[in-house]
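As a plain string of letters, each chain reads:
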Amino acid sequence: MTERTPLHAEHVADGAKMVDFHGWDMPLHYGSQVEEHHAVRRGAGMFDVSHMTVVDVTGEGATAWLRWLLANDVGKLKAAPGRALYTAMLDSEGGILDDLIVYRRDGGWRLVVNSATRQDDLAWLETQRRKGVTVTERPELAMIAVQGPAALERSAAWLGSAAEAVAGLKPFGFVEDGDRFIARTGYTGEDGFEVILPGDGAAAAWQALRDADIAAAGLGARDTLRLEAGLNLYGQDMDRSVTPLESNLAWSVAFKPPERDFIGRAALERQREEGVPRVLVGLKLQARGVLRRGQRVLYDGQPVGELTSGAFSPTLGVGIGLARIDAGIETQELEVDIRGKSLPVARLKPPFVKRGEAA
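Only a predicted model underlies this, so the values are computations on that prediction, with no experimental measurement involved. (Residues numbered from 1 in each chain as written. Predicted model: local features only at pLDDT ≥ 70, side-chain atom pairs only at ≥ 80, totals over all residues. Heavy atoms only, no water.)

Asks: So what exactly am I meant to see when it comes to the pattern of salt bridges here?
Replies: Any two side chains of opposite charge can pair, given that their charged atoms come close. Applying the stated criterion across every chain, the model contains 22 salt bridges. D56 is paired through a salt bridge with R105; the nearest N and O atoms lie 3.5 Å apart. You can see D56 sitting in strand β4 (residues 53-58) and its partner R105 sitting in strand β6 (residues 96-105), a full 49 residues away along the chain. A relative accessible area of 9% means that D56 is categorised as buried. A salt bridge links R278 to E246; the shortest N-O distance between them is 2.9 Å. Pair noted here: R278 is in strand β14 (residues 278-285) and E246 is in the loop between α8 (219-228) and α9 (265-274), with a separation of 32 residues, a long-range link. Using a relative accessible area of 31% as the deciding quantity, one classes R278 as partly exposed. Residues joined by salt bridges that share partners form a network here, namely D56, R105, R110, R138, E140 and E176. (Salt bridge = Lys/Arg side-chain N within 4 Å of Asp/Glu carboxyl O. Helix = DSSP H or I, 4+ residues; strand = E, 2+ residues; numbered from the N terminus. Buried < 20%, exposed > 50% of the residue type's maximum accessible area, 1.4 Å probe, protein only.)

So, in structure tokens, the structure goes:
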């Protein structure tokens, strides 16, 4: 049975095109994916991300357990003011089970993991859970992402007394304002915040933000925005078959202090010593066309990898994509096979767009 978020009725009332997304009935767009994309880059837009899975972790052993469970080191985080970090859960071979954000609260920890991996993630957490650690899923909560250069300004009235505190936060900082959990995080490469709040209050929040000239945006715009920002999508740009070192995510692995063990550490250290076999790179099409997942990347006429994500960039007006290619390829000029034609692409380091402009 398809699940619905607390904002489902709002989406339908706004005329959204609804699609199945990993078992959730979610808005693809509200009429124009491109207009929604531009609204976020140029002003402010918001996304219903209530399909994401919120998990609270508490107990005396929670910190030590998370330092072992996750590739990044939560020991770096402080509870006041609240701080968060991006990380991944790995298997023993270093394969990525999921990527997530972990928040350090006064009374414990909060994880936000992907909807597509919900069942596997919850099972993994339970399998690995140690004595003295409590893991609690929070399905009664909703989540809204407000993104764009005008996100804070337009949402100030709704944020109310928390507006100044939120504006003063650094990226990956958060505050708790009553039953609202407000974090300076997002998946678009723009300024803004994500708020976790009770599901029964989500519709009123959504309407208040709409009244503040914040455009509703769907999954389509969310995907082109994250791709322009060079952000990986789980299940496409990374999965259990690759490690963070093969996925442009070495920065999210904390090898120091050396005495901290974590699941997958030995495998990553071996790979770091031996060298990665593949790397994830950005590609920009140098001809008319659109890059798509699964297209082959060529060098000197021979396949050396394939696109993991691809789309037409509304901001840049060209095709862009992420591709995993052989690590030994150093040239910046490659080709992509698009329906039997070899078209030139320029290799670059993501992001493609930063704060609304070409990076």
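Asks: Before we go on, may I ask you to explain the sheet that holds strand β18 (residues 333-338) in this structure?
Replies: Sheet strands associate in pairs through backbone hydrogen bonding, adopting either a parallel or an antiparallel arrangement. The strand order β14-β17-β16-β15-β18-β19 describes a closed barrel built from 6 strands, whose pairing is antiparallel. Mean inter-strand twist for the sheet, computed between neighbouring axes without regard to direction, equals 45°. Pairing of β14 with strand β17 (residues 318-326) involves 7 bridges; the strand directions are antiparallel. Among the inter-strand pairings, L283 is bridged to a residue of β17, identified as G321. Strands in contact with α8 are β16 (302-313) and β17; relative to β16, the strand with the most contacts, it is inclined by about 125°. (Pairing = 2+ DSSP bridges. Axes fitted to C-alpha atoms, helices over the stretch in contact; angles between N-to-C directions. Contact = heavy atoms within 4.5 Å.)

Asks: Is there a simple way to explain the domain arrangement of the chain in this structure?
Replies: By a widely used convention, the size of an interface equals the accessible area lost when the partners come together. Segmentation of the chain into domains returns domain 1 (1-274) and domain 2 (277-358). The C-alpha-based centres of domain 1 and domain 2 are spaced at 27 Å. Counting from both sides, the interface comprises 25 residues of domain 1 and, opposite them, 24 residues of domain 2. Carbon and sulfur atoms supply 51% of the area that domain 1 and domain 2 bury against each other, a total of about 1900 Å² over both sides. (Domains from an automatic or database assignment. Buried area = accessible area lost by both parts, 1.4 Å probe.)

Asks: Would you explain the side chain of R265 in this entry?
Replies: Note on placement: R265 falls in helix α9. With residues near it in sequence (within four places) discarded, R265 still touches A254, F255, P257, P258 and R260.

Asks: How should helix α7 (residues 202-211) be read in this particular structure?
Replies: Every α-helical turn comprises 3.6 residues, leaving residues that sit three or four positions apart pointing alike. Along α7, the residues that are buried comprise A202, A205, W206 and L209. Down the axis of α7, the buried set is contained in an arc of 100°. They therefore lie on one face. When the buried face of α7 is taken as reference, the exposed residues oriented beyond 90 degrees from it are A204 and D211. Downstream of α7 by a residue or two, D213 has a phi angle that is positive, lying close to 65°. (Arc of directions from axis to C-beta.)

Asks: Whenever I open this one, the pairing of strand β5 (residues 82-90) confuses me. Can you help?
Replies: Looking along a regular strand, one sees side chains alternate from face to face of the sheet. Counting buried positions along β5 yields 8 of 9 residues, so the element is predominantly enclosed. Where β5 lies against strand β10 (residues 173-177), 2 bridges are found, and the strand directions are antiparallel. Following the sheet pairing, G82 is matched in β10 by F174. In this sheet, β6 lies alongside β5 in antiparallel orientation, the contact comprising 8 bridges.

Asks: Before we go on, may I ask you to explain the packing of aromatic side chains in this structure?
Replies: For any pair of aromatic rings, the description consists of the separation of the ring centres together with the inter-plane angle of the planes. Taken as a whole, this structure holds 5 aromatic pairs when the rule is applied. Note on Y103 and F174: the rings are 5.6 Å apart at their centroids and 85° apart in plane angle, and the pair reads as edge-to-face. Taken together, the residues Y103 in strand β6 and F174 in strand β10 connect sequence positions 71 residues apart. Here Y103 and F174 have matching classes, each one buried. Between Y103 and F181 the ring centres are 5.1 Å apart and the planes differ by 85°, which places this aromatic pair in the edge-to-face class. Here F181 lies in strand β11 (residues 180-183) and Y103 lies in strand β6, a separation of 78 residues in the sequence. Members of the aromatic cluster, connected to one another through ring pairs, are Y103, F174 and F181. The lysine or arginine in question, R130, covers the ring of W68, its NZ or CZ lying 4.4 Å from the ring centre. (Phe/Tyr/Trp six-rings, centres within 6.5 Å; stacked < 30°, edge-to-face > 60°. Lys NZ or Arg CZ within 6 Å of the ring centre and 35° of its normal.)

Asks: Mind showing me how you'd approach the nonpolar core here?
Replies: The tendency in soluble globular proteins is for nonpolar side chains to be buried side by side. Core analysis: the largest hydrophobic core is formed by 33 residues, its most contacted members being F47 and Y103. Not counting the four nearest positions on each side in its chain, Y103 is found in contact with R83, A84, G108, W109, R110, V112, F174, F181, A183, T185 and E194. Grouped together as the second largest cluster of nonpolar side chains are 28 residues, A163, F193, W206 and I214 included. (Core = buried A, V, L, I, M, F, W, Y, C linked by side-chain atoms within 4.5 Å.)

Asks: What is the right way to read empty space enclosed by the protein from this model?
Replies: Over the atoms rolls a probe the size of a water molecule, and in doing so it shows where empty space is left. This structure, assessed with the given rule, holds 1 cavity of 30 Å³ or more. Space inside the largest cavity adds up to approximately 40 Å³. Along its surface, the largest cavity is lined by M26, P27, F47, D48, V49, A217, G218, L219 and R222. Residue composition of the lining of the largest cavity, by class: 6 nonpolar, 1 polar and 2 charged. (1 Å grid on protein atoms, 1.4 Å probe; cavity = no way out; pocket = protein on both sides within 12 Å on 5 of 7 lines; lining within 4 Å. Points joined across faces, edges and corners; volume = space filled by probe spheres on them. Nonpolar A, V, L, I, M, F, W, Y, C, P; charged D, E, K, R; others polar.)

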